[in-house]
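The lines below spell out each chain.
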Amino acid sequence: MQTIDLEAQGLRHLNATLHAQAQETNQTSWEIVNPRGSHAIACGLDAPIEVAVKGSTGYYCAGMNKQATVHVQGSAGPGVAENMMSGTVIIDGDASQYAGATGHGGTLVVKGNASSRCGISMKGIDIVVHGNVGHMSAFMAQSGNLVVCGNAGDALGDSIYEARLFVRGSVKSLGADCIEKEMRPEHLEILADLLERGGSDAKPEEFKRYGSARKLYNFNIDNAY
Amino acid sequence: MCGIVGLFLKDKTLEPQLGHMLTDMLITMTDRGPDSAGIAVYGDTSDGLAKLTVQSDQPDTAFDGIADHLAKTLDVKVTVSIKDTHAVLELPTDQIADARIALAKMDHDVRVMSVGDVIEIYKEVGLPKDVAARFNISDMTGSHGIGHTRMATESAVTTMGAHPFNTGSDQCLVHNGSLSNHNSLRRKLTREGVHIETENDSEVAAAYLTWKMQKGASLGEALQSSLNDLDGFFTFVVGTKDGFGVVRDPIACKPAVMAETDQYVAFGSEYRALVNLPGIEDARVWEPEPATVYFWNH
(Lines give C-alpha, C1' and ligand atoms only; values in the text may rest on other atoms or scores of the structure.)
Protein backbone atom coordinates (compact mmCIF):
# COMPACT_ATOMS: atom_id res chain seq x y z
CA MET A 1 0.00 0.00 0.00
CA GLN A 2 1.38 3.39 -1.05
CA THR A 3 0.07 6.45 0.78
CA ILE A 4 -0.01 9.97 -0.60
CA ASP A 5 -0.86 12.88 1.68
CA LEU A 6 -2.57 15.29 -0.69
CA GLU A 7 -2.28 18.24 1.66
CA ALA A 8 1.45 17.74 2.13
CA GLN A 9 2.43 16.58 -1.34
CA GLY A 10 0.04 18.44 -3.60
CA LEU A 11 -2.27 17.55 -6.46
CA ARG A 12 0.32 17.59 -9.26
CA HIS A 13 2.53 15.17 -7.36
CA LEU A 14 -0.45 12.90 -6.68
CA ASN A 15 -1.74 12.76 -10.24
CA ALA A 16 1.74 12.58 -11.82
CA THR A 17 2.63 9.67 -9.54
CA LEU A 18 -0.53 7.80 -10.42
CA HIS A 19 -0.10 8.56 -14.13
CA ALA A 20 3.43 7.14 -13.99
CA GLN A 21 2.17 3.69 -13.01
CA ALA A 22 2.79 1.27 -15.87
CA GLN A 23 0.38 -1.42 -16.96
CA GLU A 24 2.34 -4.04 -15.07
CA THR A 25 3.12 -2.09 -11.96
CA ASN A 26 3.67 -3.89 -8.69
CA GLN A 27 2.33 -0.90 -6.80
CA THR A 28 -1.31 -1.60 -7.39
CA SER A 29 -2.74 -0.29 -4.14
CA TRP A 30 -2.83 3.43 -3.29
CA GLU A 31 -4.32 5.46 -0.51
CA ILE A 32 -4.91 9.21 -0.65
CA VAL A 33 -5.27 10.96 2.68
CA ASN A 34 -6.43 14.53 3.39
CA PRO A 35 -8.44 15.04 0.19
CA ARG A 36 -10.37 17.89 1.93
CA GLY A 37 -12.70 18.44 -1.02
CA SER A 38 -9.87 19.16 -3.48
CA HIS A 39 -10.49 19.20 -7.21
CA ALA A 40 -9.37 16.72 -9.90
CA ILE A 41 -8.17 13.99 -7.54
CA ALA A 42 -7.04 10.82 -9.39
CA CYS A 43 -7.94 12.19 -12.81
CA GLY A 44 -6.80 10.64 -16.06
CA LEU A 45 -5.58 7.34 -14.62
CA ASP A 46 -4.70 4.59 -17.10
CA ALA A 47 -3.43 1.55 -15.20
CA PRO A 48 -5.11 -1.33 -13.35
CA ILE A 49 -4.49 0.14 -9.92
CA GLU A 50 -6.72 0.57 -6.88
CA VAL A 51 -6.95 4.01 -5.35
CA ALA A 52 -8.76 4.65 -2.06
CA VAL A 53 -9.54 8.28 -1.24
CA LYS A 54 -9.96 8.71 2.52
CA GLY A 55 -12.55 11.48 2.63
CA SER A 56 -14.66 13.72 0.42
CA THR A 57 -13.58 15.12 -2.93
CA GLY A 58 -14.38 18.28 -4.92
CA TYR A 59 -14.93 18.81 -8.63
CA TYR A 60 -13.99 16.19 -11.25
CA CYS A 61 -12.64 13.35 -9.14
CA ALA A 62 -11.61 10.30 -11.23
CA GLY A 63 -12.38 12.05 -14.50
CA MET A 64 -11.42 10.27 -17.73
CA ASN A 65 -10.64 7.12 -15.77
CA LYS A 66 -9.29 4.06 -17.64
CA GLN A 67 -8.80 0.68 -15.96
CA ALA A 68 -8.31 1.98 -12.43
CA THR A 69 -10.61 1.43 -9.48
CA VAL A 70 -11.13 4.64 -7.52
CA HIS A 71 -12.97 4.33 -4.22
CA VAL A 72 -14.02 7.60 -2.57
CA GLN A 73 -14.67 6.96 1.11
CA GLY A 74 -16.77 10.08 1.49
CA SER A 75 -18.86 12.19 -0.86
CA ALA A 76 -17.88 13.52 -4.28
CA GLY A 77 -18.31 16.98 -5.75
CA PRO A 78 -19.58 17.87 -9.24
CA GLY A 79 -18.49 15.86 -12.27
CA VAL A 80 -17.19 12.72 -10.58
CA ALA A 81 -16.04 10.08 -13.11
CA GLU A 82 -16.79 12.45 -15.95
CA ASN A 83 -15.96 10.93 -19.32
CA MET A 84 -14.84 7.63 -17.79
CA MET A 85 -13.63 5.10 -20.38
CA SER A 86 -13.26 1.94 -18.28
CA GLY A 87 -12.56 0.81 -14.72
CA THR A 88 -14.67 1.38 -11.63
CA VAL A 89 -15.43 4.39 -9.47
CA ILE A 90 -17.21 3.87 -6.15
CA ILE A 91 -18.54 6.70 -3.99
CA ASP A 92 -19.50 5.71 -0.45
CA GLY A 93 -21.46 8.92 0.17
CA ASP A 94 -23.37 11.23 -2.17
CA ALA A 95 -22.34 12.51 -5.57
CA SER A 96 -23.00 16.07 -6.69
CA GLN A 97 -24.31 17.12 -10.07
CA TYR A 98 -23.43 15.47 -13.41
CA ALA A 99 -21.86 12.32 -11.97
CA GLY A 100 -20.65 10.05 -14.75
CA ALA A 101 -21.37 12.67 -17.43
CA THR A 102 -20.45 11.62 -20.99
CA GLY A 103 -18.94 8.35 -19.68
CA HIS A 104 -18.00 5.90 -22.43
CA GLY A 105 -17.48 2.79 -20.31
CA GLY A 106 -16.67 1.38 -16.89
CA THR A 107 -18.87 1.34 -13.81
CA LEU A 108 -19.78 4.17 -11.45
CA VAL A 109 -21.38 3.20 -8.15
CA VAL A 110 -22.87 5.84 -5.86
CA LYS A 111 -23.91 4.39 -2.51
CA GLY A 112 -25.75 7.53 -1.41
CA ASN A 113 -27.73 9.89 -3.63
CA ALA A 114 -26.62 11.51 -6.87
CA SER A 115 -27.94 14.99 -7.56
CA SER A 116 -29.03 16.61 -10.80
CA ARG A 117 -27.90 15.56 -14.29
CA CYS A 118 -26.50 12.19 -13.24
CA GLY A 119 -25.35 10.38 -16.39
CA ILE A 120 -25.97 13.34 -18.68
CA SER A 121 -24.95 12.41 -22.23
CA MET A 122 -23.73 8.99 -21.08
CA LYS A 123 -22.18 7.03 -23.93
CA GLY A 124 -21.74 3.51 -22.59
CA ILE A 125 -20.99 3.84 -18.89
CA ASP A 126 -22.92 1.79 -16.35
CA ILE A 127 -24.09 3.79 -13.33
CA VAL A 128 -25.63 2.26 -10.22
CA VAL A 129 -27.04 4.68 -7.64
CA HIS A 130 -28.22 3.15 -4.37
CA GLY A 131 -30.24 6.26 -3.43
CA ASN A 132 -32.03 8.86 -5.53
CA VAL A 133 -31.02 10.86 -8.60
CA GLY A 134 -31.90 14.52 -9.19
CA HIS A 135 -33.58 16.25 -12.09
CA MET A 136 -32.48 15.91 -15.74
CA SER A 137 -30.65 12.66 -15.10
CA ALA A 138 -29.64 10.73 -18.22
CA PHE A 139 -30.35 13.82 -20.34
CA MET A 140 -29.43 12.95 -23.95
CA ALA A 141 -28.14 9.57 -22.78
CA GLN A 142 -26.81 7.66 -25.74
CA SER A 143 -25.72 4.26 -24.49
CA GLY A 144 -25.08 2.34 -21.27
CA ASN A 145 -27.21 1.72 -18.21
CA LEU A 146 -28.41 3.90 -15.35
CA VAL A 147 -29.78 2.01 -12.35
CA VAL A 148 -31.56 4.01 -9.64
CA CYS A 149 -32.49 2.03 -6.53
CA GLY A 150 -34.36 5.03 -5.05
CA ASN A 151 -36.36 7.70 -6.85
CA ALA A 152 -35.65 9.83 -9.91
CA GLY A 153 -36.29 13.59 -10.14
CA ASP A 154 -37.92 15.63 -12.87
CA ALA A 155 -37.37 15.09 -16.59
CA LEU A 156 -35.66 11.72 -16.39
CA GLY A 157 -34.09 10.70 -19.71
CA ASP A 158 -34.99 13.86 -21.60
CA SER A 159 -34.10 13.52 -25.29
CA ILE A 160 -32.67 10.07 -24.65
CA TYR A 161 -31.14 7.95 -27.42
CA GLU A 162 -30.43 4.29 -26.59
CA ALA A 163 -29.39 4.06 -22.94
CA ARG A 164 -31.38 1.82 -20.57
CA LEU A 165 -32.77 3.39 -17.42
CA PHE A 166 -33.91 1.23 -14.50
CA VAL A 167 -35.67 2.88 -11.56
CA ARG A 168 -36.97 1.07 -8.49
CA GLY A 169 -38.86 3.94 -6.86
CA SER A 170 -40.88 6.81 -8.24
CA VAL A 171 -40.06 8.99 -11.23
CA LYS A 172 -41.14 12.58 -10.65
CA SER A 173 -41.54 13.12 -14.38
CA LEU A 174 -40.20 11.75 -17.63
CA GLY A 175 -38.39 14.02 -20.07
CA ALA A 176 -39.24 14.48 -23.73
CA ASP A 177 -39.27 11.21 -25.68
CA CYS A 178 -38.57 9.05 -22.60
CA ILE A 179 -41.15 6.34 -21.91
CA GLU A 180 -41.64 3.35 -19.67
CA LYS A 181 -40.81 0.13 -21.47
CA GLU A 182 -41.52 -3.52 -20.97
CA MET A 183 -39.10 -5.37 -18.68
CA ARG A 184 -38.24 -8.52 -20.60
CA PRO A 185 -36.16 -11.47 -19.28
CA GLU A 186 -33.00 -10.20 -20.97
CA HIS A 187 -33.39 -6.87 -19.15
CA LEU A 188 -33.80 -8.62 -15.81
CA GLU A 189 -30.61 -10.47 -16.54
CA ILE A 190 -28.70 -7.30 -17.41
CA LEU A 191 -30.10 -5.57 -14.33
CA ALA A 192 -29.19 -8.46 -12.01
CA ASP A 193 -25.60 -8.22 -13.22
CA LEU A 194 -25.53 -4.43 -12.77
CA LEU A 195 -26.93 -4.67 -9.23
CA GLU A 196 -24.41 -7.30 -8.32
CA ARG A 197 -21.54 -5.21 -9.70
CA GLY A 198 -22.94 -2.20 -7.87
CA GLY A 199 -23.12 -4.04 -4.55
CA SER A 200 -26.87 -3.59 -4.22
CA ASP A 201 -29.18 -6.27 -2.88
CA ALA A 202 -32.24 -4.80 -4.59
CA LYS A 203 -34.32 -7.28 -6.61
CA PRO A 204 -34.43 -6.75 -10.38
CA GLU A 205 -38.19 -7.49 -10.35
CA GLU A 206 -38.78 -4.35 -8.26
CA PHE A 207 -37.57 -2.03 -11.05
CA LYS A 208 -39.22 -0.46 -14.04
CA ARG A 209 -37.40 0.13 -17.28
CA TYR A 210 -37.43 3.42 -19.22
CA GLY A 211 -35.97 4.27 -22.58
CA SER A 212 -36.38 6.19 -25.80
CA ALA A 213 -39.66 6.37 -27.69
CA ARG A 214 -37.43 7.17 -30.70
CA LYS A 215 -39.75 9.95 -31.82
CA LEU A 216 -37.02 12.57 -31.87
CA TYR A 217 -34.70 10.56 -34.10
CA ASN A 218 -35.98 11.98 -37.36
CA PHE A 219 -36.96 15.45 -38.36
CA ASN A 220 -40.67 15.95 -37.95
CA ILE A 221 -42.11 18.86 -39.86
CA ASP A 222 -44.87 19.21 -37.26
CA ASN A 223 -42.27 20.18 -34.69
CA ALA A 224 -41.00 23.08 -36.80
CA TYR A 225 -42.21 26.59 -36.21
CA MET B 1 -18.51 31.89 -10.83
CA CYS B 2 -18.50 33.20 -7.28
CA GLY B 3 -17.94 31.69 -3.87
CA ILE B 4 -20.34 31.80 -0.96
CA VAL B 5 -19.82 30.85 2.65
CA GLY B 6 -22.24 31.15 5.53
CA LEU B 7 -22.31 30.16 9.16
CA PHE B 8 -25.29 30.25 11.50
CA LEU B 9 -24.33 29.33 15.05
CA LYS B 10 -26.68 27.44 17.33
CA ASP B 11 -24.07 27.05 20.07
CA LYS B 12 -23.41 30.40 21.75
CA THR B 13 -20.00 29.27 22.97
CA LEU B 14 -18.79 29.36 19.36
CA GLU B 15 -19.77 33.02 18.88
CA PRO B 16 -16.33 34.45 19.75
CA GLN B 17 -14.90 32.28 16.95
CA LEU B 18 -17.41 33.27 14.26
CA GLY B 19 -15.09 35.71 12.51
CA HIS B 20 -12.20 33.28 12.58
CA MET B 21 -14.23 30.39 11.16
CA LEU B 22 -15.86 32.54 8.51
CA THR B 23 -12.53 34.03 7.40
CA ASP B 24 -11.03 30.58 6.98
CA MET B 25 -14.06 29.48 4.94
CA LEU B 26 -13.92 32.64 2.81
CA ILE B 27 -10.26 32.24 1.90
CA THR B 28 -10.81 28.67 0.64
CA MET B 29 -13.23 30.14 -1.90
CA THR B 30 -10.64 32.56 -3.35
CA ASP B 31 -10.30 30.81 -6.70
CA ARG B 32 -14.07 31.01 -7.21
CA GLY B 33 -13.95 34.80 -6.85
CA PRO B 34 -10.63 36.60 -6.59
CA ASP B 35 -11.75 40.10 -7.63
CA SER B 36 -13.62 41.27 -4.51
CA ALA B 37 -14.83 39.94 -1.21
CA GLY B 38 -17.30 40.88 1.46
CA ILE B 39 -18.53 39.68 4.79
CA ALA B 40 -21.66 40.42 6.80
CA VAL B 41 -21.34 39.77 10.51
CA TYR B 42 -24.31 39.74 12.86
CA GLY B 43 -22.72 40.84 16.11
CA ASP B 44 -23.77 42.32 19.41
CA THR B 45 -26.85 44.37 19.93
CA SER B 46 -27.15 47.41 22.20
CA ASP B 47 -30.58 48.47 23.42
CA GLY B 48 -32.04 51.23 21.30
CA LEU B 49 -28.88 51.64 19.24
CA ALA B 50 -28.32 50.73 15.61
CA LYS B 51 -25.26 50.48 13.40
CA LEU B 52 -24.61 52.38 10.21
CA THR B 53 -21.58 50.96 8.42
CA VAL B 54 -20.09 53.31 5.83
CA GLN B 55 -17.18 53.08 3.41
CA SER B 56 -14.89 55.64 1.82
CA ASP B 57 -11.98 55.50 -0.59
CA GLN B 58 -10.51 58.46 1.34
CA PRO B 59 -11.15 57.33 4.90
CA ASP B 60 -8.66 59.79 6.45
CA THR B 61 -10.57 62.81 5.30
CA ALA B 62 -14.05 61.38 4.94
CA PHE B 63 -14.26 59.93 8.45
CA ASP B 64 -12.62 62.92 10.09
CA GLY B 65 -15.17 64.43 12.46
CA ILE B 66 -18.00 62.39 11.01
CA ALA B 67 -19.37 61.23 14.38
CA ASP B 68 -19.22 64.73 15.89
CA HIS B 69 -20.94 66.21 12.89
CA LEU B 70 -23.77 63.67 13.06
CA ALA B 71 -24.05 64.08 16.82
CA LYS B 72 -24.41 67.83 16.48
CA THR B 73 -26.81 67.67 13.55
CA LEU B 74 -29.05 65.07 15.16
CA ASP B 75 -28.46 66.12 18.76
CA VAL B 76 -27.77 62.54 19.88
CA LYS B 77 -24.75 60.54 20.96
CA VAL B 78 -22.89 58.97 18.03
CA THR B 79 -19.89 56.71 18.42
CA VAL B 80 -17.60 55.67 15.62
CA SER B 81 -15.23 52.81 15.16
CA ILE B 82 -12.98 52.99 12.11
CA LYS B 83 -11.54 49.93 10.42
CA ASP B 84 -9.49 50.74 7.32
CA THR B 85 -11.92 52.02 4.64
CA HIS B 86 -15.01 51.32 6.75
CA ALA B 87 -16.51 53.07 9.74
CA VAL B 88 -19.24 51.75 11.99
CA LEU B 89 -21.38 54.54 13.40
CA GLU B 90 -23.54 53.65 16.37
CA LEU B 91 -26.52 55.84 17.14
CA PRO B 92 -30.14 55.59 18.30
CA THR B 93 -32.20 53.36 16.01
CA ASP B 94 -34.87 56.02 15.47
CA GLN B 95 -32.23 58.44 14.14
CA ILE B 96 -30.90 56.17 11.39
CA ALA B 97 -33.01 57.62 8.58
CA ASP B 98 -32.07 61.19 9.52
CA ALA B 99 -28.44 60.18 9.84
CA ARG B 100 -28.43 58.91 6.26
CA ILE B 101 -29.84 62.22 5.07
CA ALA B 102 -27.28 64.14 7.12
CA LEU B 103 -24.47 61.99 5.71
CA ALA B 104 -25.57 62.66 2.14
CA LYS B 105 -25.64 66.41 2.86
CA MET B 106 -22.13 66.33 4.36
CA ASP B 107 -20.63 66.00 0.92
CA HIS B 108 -18.03 63.57 2.28
CA ASP B 109 -17.01 60.66 0.09
CA VAL B 110 -18.95 58.00 2.02
CA ARG B 111 -21.20 55.16 0.95
CA VAL B 112 -23.52 53.15 3.12
CA MET B 113 -22.59 49.47 3.33
CA SER B 114 -25.20 48.36 5.82
CA VAL B 115 -27.83 49.48 8.27
CA GLY B 116 -29.25 47.50 11.15
CA ASP B 117 -29.28 46.79 14.86
CA VAL B 118 -26.58 44.15 14.64
CA ILE B 119 -25.31 43.80 11.05
CA GLU B 120 -21.94 45.12 9.89
CA ILE B 121 -20.90 44.64 6.25
CA TYR B 122 -17.29 44.97 5.14
CA LYS B 123 -16.51 44.66 1.44
CA GLU B 124 -13.75 45.73 -0.89
CA VAL B 125 -12.07 44.94 -4.17
CA GLY B 126 -9.12 42.57 -3.74
CA LEU B 127 -8.22 39.05 -2.72
CA PRO B 128 -10.43 37.60 0.03
CA LYS B 129 -7.49 37.11 2.40
CA ASP B 130 -6.46 40.75 2.02
CA VAL B 131 -10.00 42.03 2.43
CA ALA B 132 -10.53 39.91 5.56
CA ALA B 133 -7.19 41.08 7.00
CA ARG B 134 -7.90 44.77 6.35
CA PHE B 135 -11.00 44.58 8.51
CA ASN B 136 -9.63 42.09 11.00
CA ILE B 137 -12.69 39.92 10.41
CA SER B 138 -11.14 36.95 12.19
CA ASP B 139 -11.40 38.72 15.56
CA MET B 140 -15.11 39.44 15.17
CA THR B 141 -17.76 37.88 17.37
CA GLY B 142 -21.24 37.13 16.16
CA SER B 143 -24.22 34.81 16.00
CA HIS B 144 -24.14 34.36 12.23
CA GLY B 145 -22.34 35.65 9.19
CA ILE B 146 -22.20 35.42 5.41
CA GLY B 147 -19.24 35.88 3.10
CA HIS B 148 -18.81 36.17 -0.64
CA THR B 149 -15.92 36.02 -3.08
CA ARG B 150 -16.77 37.67 -6.37
CA MET B 151 -15.95 36.93 -9.98
CA ALA B 152 -17.93 39.71 -11.61
CA THR B 153 -20.22 39.10 -14.57
CA GLU B 154 -23.12 41.55 -14.44
CA SER B 155 -21.56 44.81 -13.26
CA ALA B 156 -18.19 46.44 -12.71
CA VAL B 157 -15.57 45.33 -10.19
CA THR B 158 -16.10 48.00 -7.56
CA THR B 159 -16.71 48.14 -3.83
CA MET B 160 -20.37 48.86 -4.45
CA GLY B 161 -20.64 45.89 -6.81
CA ALA B 162 -19.24 43.51 -4.19
CA HIS B 163 -21.55 41.41 -2.05
CA PRO B 164 -23.27 41.17 0.47
CA PHE B 165 -26.01 43.65 -0.36
CA ASN B 166 -28.00 45.23 2.44
CA THR B 167 -31.33 46.64 1.31
CA GLY B 168 -33.30 46.57 4.54
CA SER B 169 -32.47 46.78 8.21
CA ASP B 170 -30.26 43.83 9.22
CA GLN B 171 -30.96 42.05 5.93
CA CYS B 172 -28.30 40.91 3.55
CA LEU B 173 -27.99 38.75 0.46
CA VAL B 174 -25.15 37.15 -1.45
CA HIS B 175 -25.56 35.60 -4.87
CA ASN B 176 -23.78 33.14 -7.09
CA GLY B 177 -25.21 33.25 -10.59
CA SER B 178 -26.72 35.83 -12.89
CA LEU B 179 -30.26 37.15 -13.18
CA SER B 180 -31.82 37.80 -16.57
CA ASN B 181 -34.85 39.86 -15.53
CA HIS B 182 -33.12 42.25 -13.14
CA ASN B 183 -33.68 45.32 -15.28
CA SER B 184 -37.44 44.89 -15.53
CA LEU B 185 -37.65 43.94 -11.86
CA ARG B 186 -35.56 47.00 -10.92
CA ARG B 187 -38.03 49.23 -12.79
CA LYS B 188 -40.95 47.53 -11.07
CA LEU B 189 -39.41 47.90 -7.62
CA THR B 190 -38.48 51.53 -8.33
CA ARG B 191 -42.11 52.24 -9.18
CA GLU B 192 -43.00 50.70 -5.82
CA GLY B 193 -40.69 53.22 -4.16
CA VAL B 194 -37.81 50.84 -3.48
CA HIS B 195 -34.38 52.48 -3.71
CA ILE B 196 -31.73 50.47 -5.57
CA GLU B 197 -28.24 51.86 -5.44
CA THR B 198 -26.28 50.01 -8.13
CA GLU B 199 -26.58 48.44 -11.58
CA ASN B 200 -25.87 45.06 -10.03
CA ASP B 201 -28.33 42.20 -10.60
CA SER B 202 -27.84 40.76 -7.13
CA GLU B 203 -28.81 44.00 -5.42
CA VAL B 204 -32.16 43.75 -7.22
CA ALA B 205 -32.69 40.31 -5.70
CA ALA B 206 -31.84 41.70 -2.26
CA ALA B 207 -34.21 44.63 -2.75
CA TYR B 208 -36.92 42.26 -3.96
CA LEU B 209 -36.68 40.17 -0.77
CA THR B 210 -36.70 43.30 1.39
CA TRP B 211 -39.77 44.57 -0.44
CA LYS B 212 -41.56 41.25 0.08
CA MET B 213 -40.71 41.24 3.78
CA GLN B 214 -41.84 44.86 4.14
CA LYS B 215 -45.18 43.70 2.75
CA GLY B 216 -45.44 41.15 5.54
CA ALA B 217 -43.77 38.05 4.15
CA SER B 218 -41.51 36.00 6.37
CA LEU B 219 -37.98 35.25 5.17
CA GLY B 220 -39.14 31.80 4.06
CA GLU B 221 -42.15 33.21 2.18
CA ALA B 222 -40.04 35.87 0.49
CA LEU B 223 -37.54 33.26 -0.68
CA GLN B 224 -40.37 31.05 -1.90
CA SER B 225 -41.85 33.83 -4.03
CA SER B 226 -38.42 34.67 -5.47
CA LEU B 227 -38.59 31.31 -7.26
CA ASN B 228 -41.52 32.64 -9.30
CA ASP B 229 -40.41 36.22 -9.79
CA LEU B 230 -36.67 35.93 -10.46
CA ASP B 231 -35.42 34.54 -13.74
CA GLY B 232 -31.88 33.29 -14.14
CA PHE B 233 -29.30 31.31 -12.29
CA PHE B 234 -28.99 31.75 -8.59
CA THR B 235 -27.88 30.31 -5.35
CA PHE B 236 -28.77 32.86 -2.69
CA VAL B 237 -27.74 32.91 0.93
CA VAL B 238 -29.55 35.54 2.97
CA GLY B 239 -29.33 36.77 6.51
CA THR B 240 -31.77 38.61 8.75
CA LYS B 241 -31.34 39.80 12.34
CA ASP B 242 -32.03 36.33 13.67
CA GLY B 243 -32.39 34.20 10.54
CA PHE B 244 -30.40 32.51 7.83
CA GLY B 245 -31.82 31.24 4.53
CA VAL B 246 -30.75 29.44 1.36
CA VAL B 247 -32.48 28.98 -1.98
CA ARG B 248 -31.36 27.71 -5.39
CA ASP B 249 -33.08 28.16 -8.73
CA PRO B 250 -34.85 25.13 -10.26
CA ILE B 251 -31.96 24.33 -12.63
CA ALA B 252 -29.47 24.46 -9.74
CA CYS B 253 -26.25 24.72 -11.78
CA LYS B 254 -24.60 26.86 -9.14
CA PRO B 255 -23.02 24.62 -6.56
CA ALA B 256 -24.02 24.45 -2.91
CA VAL B 257 -23.18 22.24 0.04
CA MET B 258 -24.62 22.49 3.52
CA ALA B 259 -23.61 20.99 6.83
CA GLU B 260 -25.52 20.90 10.09
CA THR B 261 -24.55 19.81 13.59
CA ASP B 262 -25.94 20.62 17.03
CA GLN B 263 -23.55 23.59 17.04
CA TYR B 264 -24.12 25.24 13.65
CA VAL B 265 -25.56 25.33 10.16
CA ALA B 266 -22.94 26.02 7.51
CA PHE B 267 -23.06 26.79 3.81
CA GLY B 268 -20.29 26.54 1.24
CA SER B 269 -20.20 26.76 -2.54
CA GLU B 270 -17.96 23.73 -2.22
CA TYR B 271 -17.19 21.21 0.48
CA ARG B 272 -13.65 22.62 0.64
CA ALA B 273 -15.06 25.62 2.49
CA LEU B 274 -16.40 23.41 5.29
CA VAL B 275 -13.49 21.07 6.00
CA ASN B 276 -12.07 22.95 8.99
CA LEU B 277 -15.35 23.35 10.86
CA PRO B 278 -15.51 21.61 14.23
CA GLY B 279 -17.13 18.18 14.05
CA ILE B 280 -17.51 18.27 10.25
CA GLU B 281 -16.65 14.55 10.08
CA ASP B 282 -19.89 13.73 11.87
CA ALA B 283 -22.02 16.57 10.51
CA ARG B 284 -25.03 15.98 8.31
CA VAL B 285 -23.71 17.15 4.95
CA TRP B 286 -26.06 17.53 2.00
CA GLU B 287 -26.65 19.39 -1.22
CA PRO B 288 -29.66 21.71 -0.99
CA GLU B 289 -32.40 20.67 -3.40
CA PRO B 290 -33.30 22.87 -6.38
CA ALA B 291 -36.24 25.27 -5.94
CA THR B 292 -36.41 24.47 -2.24
CA VAL B 293 -36.28 27.06 0.51
CA TYR B 294 -34.20 26.38 3.60
CA PHE B 295 -34.15 28.71 6.58
CA TRP B 296 -33.22 28.73 10.22
CA ASN B 297 -34.09 31.16 13.00
CA HIS B 298 -32.55 31.84 16.39
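Quick caveat, the model's predicted, so the values are computed rather than measured. Counting restarts for each chain, with residues numbered from 1 along the sequence as it is written. Chain letters start at A and ligand numbers start at 1, both assigned in the order the entries are written. Residue-level local features of this predicted model are given only where pLDDT is at least 70; pairs of side-chain atoms are given and counted only at 80 or more, and the full residue set underlies all totals for whole chains, interfaces and linings. Heavy atoms from the whole structure form the basis of all side-chain values; hydrogens and water molecules are not counted.

### A word on unusual backbone geometry
So, point 1. Cis geometry marks the peptide bond from H163(B) to P164(B), where omega comes out at -5 degrees.
So, point 2. Within the secondary structure layout, P164(B) lies in the loop between strand 8 (144-150) and strand 9 (172-179).
So, point 3. In the Ramachandran plot, A138(A) falls in the positive-phi region, its phi being about 55 degrees despite a non-glycine side chain.
So, point 4. Within the chain, D84(B) stands out as a residue other than glycine whose phi angle is a positive 55 degrees.
So, point 5. Segments assigned H or I by DSSP are reported as helices when at least four residues long, segments assigned E as strands when at least two residues long, and all are numbered from the N terminus. Take D84(B): it is sitting in the loop between strand 4 (79-83) and strand 5 (86-92).
So, point 6. Any residue under 20% of the maximum accessible area for its type is buried, any over 50% is exposed, and the rest in between are partly exposed; the area is computed with a 1.4 Å probe on protein chains only. We classify D84(B) as partly exposed; its relative accessible area is 36%.

### Section: the sheet that holds strand 5 of chain B
All names here are of chain B.
So, point 1. With antiparallel pairing, four strands are arranged side by side in an open sheet as 4-5-3-6. Whereas interior strands pair on both sides, the edge strands pair on one side only; in this sheet they are strand 4 and strand 6 (111-116). The sheet shows a mean angle of 20 degrees between the axes of neighbouring strands, direction not considered.
So, point 2. When strand 3 (residues 49-55) meets strand 5, the two strands line up antiparallel, connected through seven bridges. Across the sheet, Q55 pairs through a bridge with H86, a residue of strand 5.
So, point 3. Any two residues having at least one pair of non-hydrogen atoms within 4.5 Å are treated as being in contact. Whenever a helix is involved, its axis is fitted only over the stretch in contact; in every case the axis is a line through C-alpha atoms, and angles between N-to-C directions fall within 0 to 180 degrees. Helix-sheet contacts for helix 3 (residues 66-74) involve strand 4 and strand 5, and the interaxial angle to strand 5 is about 25 degrees. DSSP bridges decide pairing: two strands pair if at least two such bridges lie between them.

### Comments concerning a nonpolar patch on the surface
So, point 1. A patch is a set of surface residues, each over 30% in relative accessible area and not in a salt bridge, joined within 9 Å for like charges and within 5 Å for the nonpolar side chains Val, Leu, Ile, Met, Phe, Trp and Tyr. Using the Shrake-Rupley algorithm and a 1.4 Å probe, accessible areas are obtained, with residue cover drawn only from the displayed protein chains. Each salt bridge in this description consists of a side-chain nitrogen of Lys or Arg and a carboxyl oxygen of Asp or Glu lying within 4 Å of one another. Among the surface-exposed residues, M140(A), Y161(A) and Y217(A) lie close enough to one another that they form a single nonpolar patch of about 270 Å² accessible area.
So, point 2. By secondary structure assignment, the location of M140(A) is in the loop between strand 7 (123-129) and strand 8 (143-148).

### Section: the packing of aromatic side chains
Residues and elements named next belong to chain B.
So, point 1. In this scheme Phe, Tyr and Trp rings, the latter by its six-membered ring, pair at centre separations within 6.5 Å, and the angle between planes marks the pair as stacked below 30 degrees, edge-to-face above 60, and tilted otherwise. By the definition in use, this model includes eleven aromatic pairs over all chains.
So, point 2. Consider the rings of F244 and W296, whose centres lie 6.3 Å apart with planes at 50 degrees: the pair is tilted. Here F244, found in strand 11 (residues 243-248), pairs with W296, found in strand 15 (residues 294-297); they are 52 residues apart in sequence, far enough to count as distant. Residues F244 and W296 agree in their burial class; the two are buried.
So, point 3. Residues W286 and Y294 carry aromatic rings whose centres are separated by 6.3 Å and whose planes lie at 50 degrees to one another, so their mutual orientation is tilted. Y294 matches W286 in its accessibility class, with the two residues each being buried.
So, point 4. Through a chain of ring-to-ring contacts, the aromatic side chains of F8, F244, W286, Y294 and W296 assemble into a single cluster.
So, point 5. Over a ring means this: the NZ of a Lys or the CZ of an Arg is within 6 Å of the ring centre and within 35 degrees of the ring normal. Over the face of the ring belonging to F165 we find K123, whose NZ or CZ atom lies 4.4 Å from the ring centre.
So, point 6. The ring centre of W286 lies 3.9 Å from the NZ or CZ of R284, which sits over that ring.

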